[in-house]
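One-letter residues, chain by chain:
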Amino acid sequence: MNEIKTGACINYISIIVRLATQFFLTPFTLSSLGENEYGIFMLSNSVIAWLSLTDFGLGVTVNKYIATYHAKKENDREAHFLGQAMMLFSFLGLLTFAAGMICYVNLGALFPNLAGPELDTLKILYLLTLGNIILAFPLRPLSCVPGSYMKFIVPGLVSLGLSLFNTLLTVLLLVWGYKAIALTVLGVGIGVASLAWGTYYTIRCLGVRIIFRKPDWKLYREMFTFSFWILLNQLMDLFYWRAGTPILARTAGAQAVTLFTLGISFSQYFMTASTAISGVIAPKIMQMVALDSTREQLTRMMIRVGRLQLALLSVILVSFISCGHDFLHLWVGKTIGNQTGTVWVGAVIVLIPLLVPLTQNTGLAILQALNIHKGRAIILFYSSLLCVILGYFISLYYGTIGMFIGTAISLFIGQVLMINRYYARTAGLDMRLFFRRTYGPLLPPSAVMILAGLGAAALLALDNWFSFLAFAFCYGLLAVGTIWFFYLNRDERDMFLGPLQKLIPPRHDKN
């Protein structure tokens, strides 16, 4: 239990460090590399992310098998499985190498809008990153062992240390005048060091054995059957949040990639904030289904969690709508100039429809508990495919904004309309009641807050960090106060006040 608690704390610290690093390092990296080279740098990472799909979702499958064997103390079966997994991943590494070289030969055809020097830089970055990912493939099953053994402290500390070391060296390289190629070499070096340490820790410290035998085709079939739905989810995630980078590189050029990358990053922050509550409610949902709770009870649970999520996310969203343009101007405005408006508008276009599925994370736990979650995966896969198609064609005419619009439309069709229809018809949840209880009371105060915020931001000169932070702090307090008094009910306010009241020592009357 101490391993889990401490590991969870280290994980949260790592997340905070990563977000803080991205916040401070992004404008520095962008200004050091320039818009075009920064776009090439991000494009290289995006293309490699697509090639990582050649593991067919088997990484999670390896975790599941190793955890099962370790819990049952079936050491021989675990050693056999690891040997088979390493053989399979070695073959997948060769497959990735072949696919990667085909892409490399055709990079010029895939991205015709990239100029000569830009294409040359992309090819170098691509080969470096491809080499790193291929080297990691055979040893990838070993990286799953510590987590499956519930060993989180040492790996977490090492990962955090390598991340901080990477950040320090990145800053030094940029200060010394190095560019994207040097940053990629650094990333590859950190990756190789992490891989070498992980292999040593797994074999020498955890005492894991590996047995190599002839291919076990029955085991391979079981692994691929389990991993199919994981692969489908990975594809959905890439289509929604990664497809825009290569599409814009092809239709609009490197600068458009930079703008889209900046705008879509706010969606990732938004999604991280939404899981703070739903991540701990899944076991409760499982218990409710096991005890044959009615659909009305499950709907009420979904409404209860959804209202708490919406209270948090609405403050973030209305603040970003009101203050986001000024923030972007101060954050990256020196490099991208008047294009900050494109990033801000694009981010808002995506965040608004994304708000709905992020307040319905509990719905996924309900579907999983009822064992009807496969239909959701299929719906989201096709809606994410629609994101790619719409984004490509709209971006041909409207560039970066077109990709944002395509993403927003597909989110609305797939994750708002179709998923809520699935919740209502297949899971039997009362979604009309959900929207009436969750969103209905929030719309009037939110509209007033947005209009007031936009008006105040337009009148004030928020041209430095001091004035912006002062305005953002006051506006944030006003937004929290509005949600507190005009949206949350008494039970919800008590839920927030409860932990604070425990920190206040009781008063003792003197007699």
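In this structure, Lys-73 takes a positive phi of about 60° despite not being glycine. The residue Lys-73 is located in the loop between helix H3 (58-71) and helix H4 (75-105) in this model. Note on Lys-73: relative accessible area 67%, which makes it exposed.

Moving on to the pattern of salt bridges. Taken as a whole and assessed by the stated rule, the structure comprises two salt bridges. In this structure, the salt-bridge partner of Glu-74 is Arg-77, at a minimum N-O distance of 3.4 Å. Given a relative accessible area of 49%, Arg-77 falls into the partly exposed group. One salt bridge connects Arg-209 with Asp-76, and the closest N-O pair in it is separated by 2.6 Å. Separated by 133 residues along the polypeptide, Arg-209 in the loop between helix H10 (180-205) and helix H11 (217-241) and Asp-76 in helix H4 bring together distant segments of the chain.

In this section: the packing of H4 against H11. In the contact formed by H4 and H11, the axes pass within 11 Å of each other and the chain directions differ by 75°. With respect to each other, H4 and H11 are oriented roughly perpendicular. Facing H4, whose interface residues are Phe-81, Gln-84, Met-87 and Leu-88, H11 presents Leu-219, Tyr-220, Met-223 and Phe-224.

Moving on: the nonpolar core. Core analysis: the largest hydrophobic core is formed by 126 residues, its most contacted members being Phe-81 and Met-223. The greatest single-element share of this core, amounting to 20 residues, is contributed by helix H15 (residues 295-336). In this structure Met-223 touches Leu-58, Thr-61, Val-62, Tyr-65, Phe-81 and Leu-88, once residues within four positions along its chain are discounted. Listed in part, the eight residues of the second largest apolar core include Ala-49, Leu-231, Leu-235 and Phe-239.

So, how was this worked out
Numbering of residues starts from 1 in each chain and follows the order in which that chain's sequence is written. Where local features are concerned, this predicted model is filtered to residues with pLDDT of at least 70; where side-chain atom pairs are given and counted, the filter is 80 or more; whole-chain, interface and lining totals use all residues. Only hydrogens and water are set aside when side-chain values are computed; all heavy atoms of the structure are taken into account. Elements are defined by DSSP. Helices are runs of H or I of four residues or more, strands are runs of E of two residues or more, and each kind is numbered from the N terminus. Three labels apply to residues, based on accessible area from a 1.4 Å probe with only protein chains included: buried if under 20% of the type maximum, exposed if over 50%, partly exposed otherwise in between. Think of a salt bridge as a Lys or Arg side-chain nitrogen and an Asp or Glu carboxyl oxygen that are within 4 Å of each other. The convention used is that axes are lines fitted to C-alpha atoms, helices contributing only their stretch in contact, and that angles between N-to-C directions extend from 0 to 180 degrees. For classification purposes, an angle smaller than 35 degrees is called roughly parallel, one larger than 145 roughly antiparallel, one from 65 to 115 roughly perpendicular, and anything else oblique. By definition, residues are in contact when any of their heavy atoms lie within 4.5 Å. The nonpolar core is taken to be a set of buried Ala, Val, Leu, Ile, Met, Phe, Trp, Tyr and Cys residues, with the residues joined through side-chain atoms within 4.5 Å.

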